[in-house]
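Listed here are the chains, written in short residue letters.
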12 protein chains.
Amino acid sequence: MRIAVVHGPNLRLLGRREPHLYGSNTLSEINAALEQAARRRGVELEIFQSNSEGEILDFLEGVSPRVQGVLINPGGLTHTSVCLRDALLGLGLPVVEVHLSNPMAREPFRHRSLVAPVAVGTVAGFGLQSYLLGLDGLIGYLQRET
Amino acid sequence: MRIAVVHGPNLRLLGRREPHLYGSNTLSEINAALEQAARRRGVELEIFQSNSEGEILDFLEGVSPRVQGVLINPGGLTHTSVCLRDALLGLGLPVVEVHLSNPMAREPFRHRSLVAPVAVGTVAGFGLQSYLLGLDGLIGYLQRET
Amino acid sequence: MRIAVVHGPNLRLLGRREPHLYGSNTLSEINAALEQAARRRGVELEIFQSNSEGEILDFLEGVSPRVQGVLINPGGLTHTSVCLRDALLGLGLPVVEVHLSNPMAREPFRHRSLVAPVAVGTVAGFGLQSYLLGLDGLIGYLQRET
Amino acid sequence: MRIAVVHGPNLRLLGRREPHLYGSNTLSEINAALEQAARRRGVELEIFQSNSEGEILDFLEGVSPRVQGVLINPGGLTHTSVCLRDALLGLGLPVVEVHLSNPMAREPFRHRSLVAPVAVGTVAGFGLQSYLLGLDGLIGYLQRET
Amino acid sequence: MRIAVVHGPNLRLLGRREPHLYGSNTLSEINAALEQAARRRGVELEIFQSNSEGEILDFLEGVSPRVQGVLINPGGLTHTSVCLRDALLGLGLPVVEVHLSNPMAREPFRHRSLVAPVAVGTVAGFGLQSYLLGLDGLIGYLQRET
Amino acid sequence: MRIAVVHGPNLRLLGRREPHLYGSNTLSEINAALEQAARRRGVELEIFQSNSEGEILDFLEGVSPRVQGVLINPGGLTHTSVCLRDALLGLGLPVVEVHLSNPMAREPFRHRSLVAPVAVGTVAGFGLQSYLLGLDGLIGYLQRET
Amino acid sequence: MRIAVVHGPNLRLLGRREPHLYGSNTLSEINAALEQAARRRGVELEIFQSNSEGEILDFLEGVSPRVQGVLINPGGLTHTSVCLRDALLGLGLPVVEVHLSNPMAREPFRHRSLVAPVAVGTVAGFGLQSYLLGLDGLIGYLQRET
Amino acid sequence: MRIAVVHGPNLRLLGRREPHLYGSNTLSEINAALEQAARRRGVELEIFQSNSEGEILDFLEGVSPRVQGVLINPGGLTHTSVCLRDALLGLGLPVVEVHLSNPMAREPFRHRSLVAPVAVGTVAGFGLQSYLLGLDGLIGYLQRET
Amino acid sequence: MRIAVVHGPNLRLLGRREPHLYGSNTLSEINAALEQAARRRGVELEIFQSNSEGEILDFLEGVSPRVQGVLINPGGLTHTSVCLRDALLGLGLPVVEVHLSNPMAREPFRHRSLVAPVAVGTVAGFGLQSYLLGLDGLIGYLQRET
Amino acid sequence: MRIAVVHGPNLRLLGRREPHLYGSNTLSEINAALEQAARRRGVELEIFQSNSEGEILDFLEGVSPRVQGVLINPGGLTHTSVCLRDALLGLGLPVVEVHLSNPMAREPFRHRSLVAPVAVGTVAGFGLQSYLLGLDGLIGYLQRET
Amino acid sequence: MRIAVVHGPNLRLLGRREPHLYGSNTLSEINAALEQAARRRGVELEIFQSNSEGEILDFLEGVSPRVQGVLINPGGLTHTSVCLRDALLGLGLPVVEVHLSNPMAREPFRHRSLVAPVAVGTVAGFGLQSYLLGLDGLIGYLQRET
Amino acid sequence: MRIAVVHGPNLRLLGRREPHLYGSNTLSEINAALEQAARRRGVELEIFQSNSEGEILDFLEGVSPRVQGVLINPGGLTHTSVCLRDALLGLGLPVVEVHLSNPMAREPFRHRSLVAPVAVGTVAGFGLQSYLLGLDGLIGYLQRET
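Residues numbered from 1 in each chain as written. Chains lettered and ligands numbered in written order. Predicted model: local features only at pLDDT ≥ 70, side-chain atom pairs only at ≥ 80, totals over all residues. Heavy atoms only, no water.

Draft legend 1. Examining helix α5 (residues 128-145) of chain E more closely. Spanning 18 residues, α5(E) covers 26 Å between terminal C-alpha atoms, matching the ideal 26 Å at 1.5 Å per step. Counting buried residues in α5(E) gives 13 out of 18 residues, a clear majority hidden from the surface. (Helix = DSSP H or I, 4+ residues; strand = E, 2+ residues; numbered from the N terminus. Expected span 1.5 Å × (residues − 1). Buried < 20%, exposed > 50% of the residue type's maximum accessible area, 1.4 Å probe, protein only.)

Draft legend 2. Molecular detail of the packing of helix α3 (residues 53-63) of chain J against helix α4 (residues 82-91) of chain J. All names here are of chain J. Direction vectors running N to C along α3 and α4 enclose 0°, while the axes themselves pass 10 Å from each other. By the angle class used here, α3 and α4 are roughly parallel. Two secondary-structure elements touch here, α3 through E53, I56, L57, L60 and E61 and α4 through C83, L84, A87, L88 and L91. Looking at the contact of α3 with α4 residue by residue, the classes come out as eight nonpolar, no polar and two charged. (Axes fitted to C-alpha atoms, helices over the stretch in contact; angles between N-to-C directions. Parallel < 35°, antiparallel > 145°, perpendicular 65-115°, else oblique. Contact = heavy atoms within 4.5 Å. Nonpolar A, V, L, I, M, F, W, Y, C, P; charged D, E, K, R; others polar.)

Draft legend 3. Just the interface of chain B and chain A, in detail. Listed as interface residues are 25 residues of chain B and, on the opposing side, 25 residues of chain A. Summed over both partners, the interface of chain B with chain A comes to about 1,700 Å²; 56% of that surface belongs to carbon and sulfur atoms. It is B:M104, B:F126 and B:Q129 in chain B that bury the most area against chain A; as a group they hold 31% of the surface buried on that side. Remark: the boundary between chain B and chain A carries zero salt bridges. Taken together, chain B and chain A are joined by seven residue pairs in polar contact (both at pLDDT 80 or more). Listing elements by their share of the side of chain B that touches chain A, those giving two or more residues are β5 (121-124) and α5 (128-145) of chain B. Of the residues in the side of chain B that touches chain A, the class split is 13 nonpolar, nine polar and three charged. Both strand β5 (residues 121-124) of chain A and β5(B) contribute to a ladder of three bridges, which runs antiparallel. Bridge pairing in β5(B) places A:A124 opposite B:T122. (Buried area = accessible area lost by both parts, 1.4 Å probe. Salt bridge = Lys/Arg side-chain N within 4 Å of Asp/Glu carboxyl O. Polar contact = N/O pair within 3.5 Å; in protein donor to acceptor, adjacent residues only side chain to side chain. Pairing = 2+ DSSP bridges.)

Draft legend 4. Just the relation of the copies chain G and chain C, in detail. The two copies are related by a screw motion: chain G maps onto chain C through a turn of 120° and a shift of 0.0 Å along the axis, at an RMSD of 0.0 Å. Such values leave the two copies arranged in the relation of a three-fold axis. Of the interface residues in chain G, just 6% have counterparts in chain C that sit at the interface too, so the contact is made through distinct surfaces. (Least-squares fit on C-alpha atoms with pLDDT ≥ 70 in both.)

Draft legend 5. A look at the sheet that holds strand β4 (residues 95-99) of chain A. The strand order β2(A)-β1(A)-β3(A)-β4(A)-β5(A)-β5(B)-β4(B)-β3(B)-β1(B)-β2(B) describes an open sheet built from ten strands, whose pairing is mixed. The open sheet is flanked by β2 (44-49) of chain A together with β2 (44-49) of chain B, the only strands paired with a single partner. Across the sheet, the axes of successive neighbouring strands diverge by a mean angle of 15°, strand direction being ignored. Where strand β3 (residues 69-73) of chain B meets strand β4 (residues 95-99) of chain B, three bridges bridge the pair, whose relative direction is parallel. Bridging across to β4(B), B:V70 finds its partner in B:V95. Against the sheet, helix α2 (residues 27-40) of chain A makes contact with β1 (2-7), β2 and β3 (69-73) of chain A, and its axis sits at roughly 165° relative to β2(A), the strand it touches most. Of the strands in this sheet, β1 (2-7), β2 and β3 of chain B touch helix α2 (residues 27-40) of chain B, which is tilted by about 165° from β2(B).

Draft legend 6. Representation of the packing of aromatic side chains within the structure. All names here are of chain E. Within the structure shown, the criterion is met by twelve aromatic pairs over all chains. Here the aromatic rings of F48 and F59 are separated by 4.3 Å at their centres, their planes lie at 5°, and the arrangement is stacked. Taken together, the residues span a long stretch of sequence, with F48 in strand β2 (residues 44-49) and F59 in helix α3 (residues 53-63) at a distance of eleven residues. (Phe/Tyr/Trp six-rings, centres within 6.5 Å; stacked < 30°, edge-to-face > 60°.)

In structure tokens:
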């Protein structure tokens, strides 16, 4: 089993960006934790980060034949990107949406997710652990489906 | 470590209620899976279901001195109950909100959660697995805090 | 044929509560008229009233294996209870919604019905007669379906 | 007792128009059923259909001295016609609004009824039977008032 | 100088329709008063009433080469008819909008006028006198322009 | 008969302020025309202008025992002043609202009038003539009432 | 004189629940202060608390023949319960609404009160003292009416 | 192949009505261009214009057995007529919506189309050419379907 | 202890202004009752009324060094004056807001209070007694704080 | 004549992405059809696709001196990109907007087009043919202008 | 060159009013800094402060013949005063709007500026420096125009 | 002192893009004016322009260790980019937002700024001078803070 992991805009800032909201883990630490968890479950990951919506769409288009599912933290694109929603829907792959913080507990413009309606499920608010729970959720979903 | 698990209104209908939305697991199966997962992690659970907002508030008030956290699927109260929100906030305990289906992918009146803003985190859309991921998320949170 | 009749909150106040809106019939008179009409049509009724949303959900859950349809006046819950909507949908039984007064002719917060979208039909504004027309409508529906 | 029955726009399409929504009865069948029910109750009907708001207003104005009440399915005018509302109010006659389908269970623009607030009552969702229940409701209302 | 006077839907009901809102004058009395006032000012009128939006558009199209201005009480069309607005704009003639009652003091759906933004001016709330003041306003406007 | 005429804020700017909207008449010319029209109708006027909401309220309070009605162009206060509305209502005198331009044809924030719902009638869009028509409307109203 | 005092959901949490919002008084202390104040004014109280909307409706229905007025802190039900509003209106007794904190200074969903429009008056923001002021207000109202 | 062409209200004004918005072509010129284009493609047209919603519904009902598709410029009815939408849906024929101007570039009340959601496609903004492109689009659609 | 009492616009009209809403007490009677109550509690008052927002701001600015708290009935400014809110916040003194009637039971534009969020508490609906309860509430607050 | 053709985000997915919405043509097939149609009309095309808003802006800026018009399918950017709108407006070239599906018949967030108000015209819902009709519309527009 | 400087309501409170928002400068210090900056640029100032909207309108009307531009901090009137907007527009002078704090970063009711749309430009958030930058901006604008 | 200057999308079009809105200065001229002003104040600039949100985020991330503040004209991203807001907040550097035109005086979708709430201050409407005033404001802010 192979899963694409996508980190959206600003996630390279992790660790120094508003730690009361996003925790003190860096992106490398999140990726290391993901890789370790994936190995333990016999799953391979393709991890990608970009600040550019277009590059994320390109990556999703390219990676889609090689993976069975997508784990994505869309960052600020969650609330604004119809293109990302269309891409995720167009791939025909199960998607799990994760967030470090809980958008529903923040500013009103973060209460709308364009991604959630096209995702299998959402995990939000657990910091680094959101990714690990989301990965488990996606693997569980893929195993159930097959 | 001891955790309260609350199933809100209509969750006894599980298994026969709209299985395309909520899956085919019964509440007993969910509880059994939760108990097993909790045992494996050395955690005790107090599980409660009620169709009555008032009984849920009574339970939360009574259980709060005995537990370190609350795992709750508020069902339809998620979108309407200011009282539940006030109770969860008033307890001063970390709360994790779980949903079998993904409310953000359903009718607009399910897009507002009164619970999410007072919860540590939310897990939605993974069926039975939402509970298990939520339990892991809550245990992880409690371990980090101490 | 067996039908559950549910009177929601405040309906025990009938007869003394704002008679210009709700008419001067008491709940007993409504029930007697319903029983008489049901007998004439060879239908049995199970009538239930509660001021508690939770007790109504409990009743619906318990009565559902014994009845072929539900006649309900949800009172104020019409406009606020996602839980009631979910319960009615979860039962998989045809539901007819009745109102003594016409909510669409009253305050704006009564213009939204969470029940109507999951009901076969709605009868509103005819006082006691709303129940009798609703019963006829439900019986007609059940006979057509079989 | 004499009652005007008004069928609004598009109701001549019945039987071939979206039968999953409106049932398979034709307008003639509905009228026959209404006539039969009226005869049984000793009531005379004046039945009118038009696709034109203006002709309906003309009919209502002309018929009003000859009838004691109005049974109307305003079709799409329900949601848009201030003129129809004003006419019904201006007649000073009791009005019952009927719908074959349940507008509250359909698109949001059907959730507003300009007619309901000026009607004695509303019956919706029962197909052909909506008319018969509405007729009963109107006759009952007229008998109570006198 | 020649002016078209248009009475919209329901205005033939005047005198018996809700006199607390619309006054006790009949449409004939209004027309007589208008004719008398016009004669005194050396102006000819073409008066037209219809309950049908389409007939009003036809009349406006036909009358436009013969008149210098339009005095219109659009009735309920005021709030709903984009077609009437487009017609009035398309004529290229000055329009004065009059109302017997004051729509801004009534239900919220009467607070929007599609006609006002394409009219020279509006007179509302003075009953029969609204027409006379509107006629004066229109004549004054036409005299100033020439 | 004695009538108070109130010119709200900015009306001293008339003649030089946006003449395409408000016409080229100065406030003196409007007052002269009003005085002349009043004299011709045997009516006395008390004319007042202020840029201050408070002074207008003071004037209305003081003048109310001496007059039978109020002709007011509330200017920008039309859309914002709950106090002015309360004062006009509190006086117990008939009020006519006039506007030089037609607020309904301008920015959306001018579409709400707090004054209209407490006024006998409104005249808008006729420039200087709005005042004269409004005066006629008010006199007509006062004569009908007595 | 006899007055019903109703404490809505979560009020048993007082003293430990968010003291910066609700003060440090417990419910017992509030009740003791109310009893003392009532005694001093020669008034008897029937005090009731419940976390269940249904039980509150039951209590109001039962107590209404024995009391002349109702003092109620509806807690979170203030903003969501059409049923409570209908019950208070149906009783035909004067109602005073009190709040420990000031809902208008908190989250937007607390800015709507379904109770206020059916209450004689509201006291909010004074902590324990809100109850005492509300009691005084209710007694004063009852004395004025008789 | 036979296609109904419907011109909604006000389209007889073309050529003299706001030419900066609607172009300088008259309705006859549009019809001539349509006839010529249809002949070249071996298609017959039935062209109809009316200012009356009711007559358009009558025409659609009558013409539907004789045609394979409908090309319609609904004019102002686009934004207001639920009846037209219901008729187009009820016919079960493919519909193409055309507009001379681009409604999305005009007043906000023109941004909602009740027709678009029941149409195969929409062409807007090209003046006379909108009709020709829409005709091509409809013919193409009909050829693909068969 | 010294307290400023501010009566906003239109309060001099009390006694003759809509007595069903505001009671029959005059402002002098309210002031006399306030003075008497203050004397009994050993508190001095500085009472001020103005119809002008600006004068109220001037008074508040001038009086602030001499008083420990402000009792204010902002009248219509409650719903519209950002300036009053800013002034009350800028003073750094505790403020109690009182209303004779209950704004939440009146027109929608009275449901928003710009003052409430910056006030210690609000008392509304008790007529003259609102002031006395508000004074008690403010004194109680000041005594608790010291 | 030379025309720029811009395909926005996700259009490389065509053929495999939700064929019930977007048809089964690939982007290559669309481009081939466009090239063929252009050749037949003596027009040269510059075709560009990108998933990146920024790259589209760069392309438009660079291509603008070489082309007389722009044919664009903005994909999901239609509903979200103020930047694209500004670029299209800034170019000073006529723009035609095309869509494979009909956004007005889909989710509400697709009902707003930021591009339409700055476009000559829009063609939507005809699949591949939308492009060809749009190309014809643009060529027709350019020929009329010169 | 001569410029009017207007300080709106509450600006005399500066220095003691919420210094975290408005800074610790007093109004005198701001005026001194403005005078010094103006002298250095050879510009004369007329500085005015009032808490009264009416007095500000009077000042603007009076000063307008003597100045070439207006620098204004409208305080709370920014969000509520249609009259101020109308006055600024009526003067026909360039206006620069300044704010000590950044209203867009504060409560939602501060996000609407009625002044900004009639101003040349806006400077907000720089404390005392906002005035100096605004003065520079206004002088630069006036020099460019001449 | 070193400051990053960011020009958002479409700013390379300056000089030829809608000069009535954005002025006739080119981006080079703005940059030259900024460099000159910076030199005079002993400040170094790093100037960056991109049409791509992603590249702007990359630049901000890279430049942040080298600069003390950010001067940004976000162009159309102002109103749509949650990502840009998050990046600016994540940098922990003071930000000044500038606009050539005044967005508050343009289309409603430009009235919301996602950047303003995370900026020290905003300068809008002064054309090229907006940048110079913004630079002064940022330098002043940085000097005050140290």
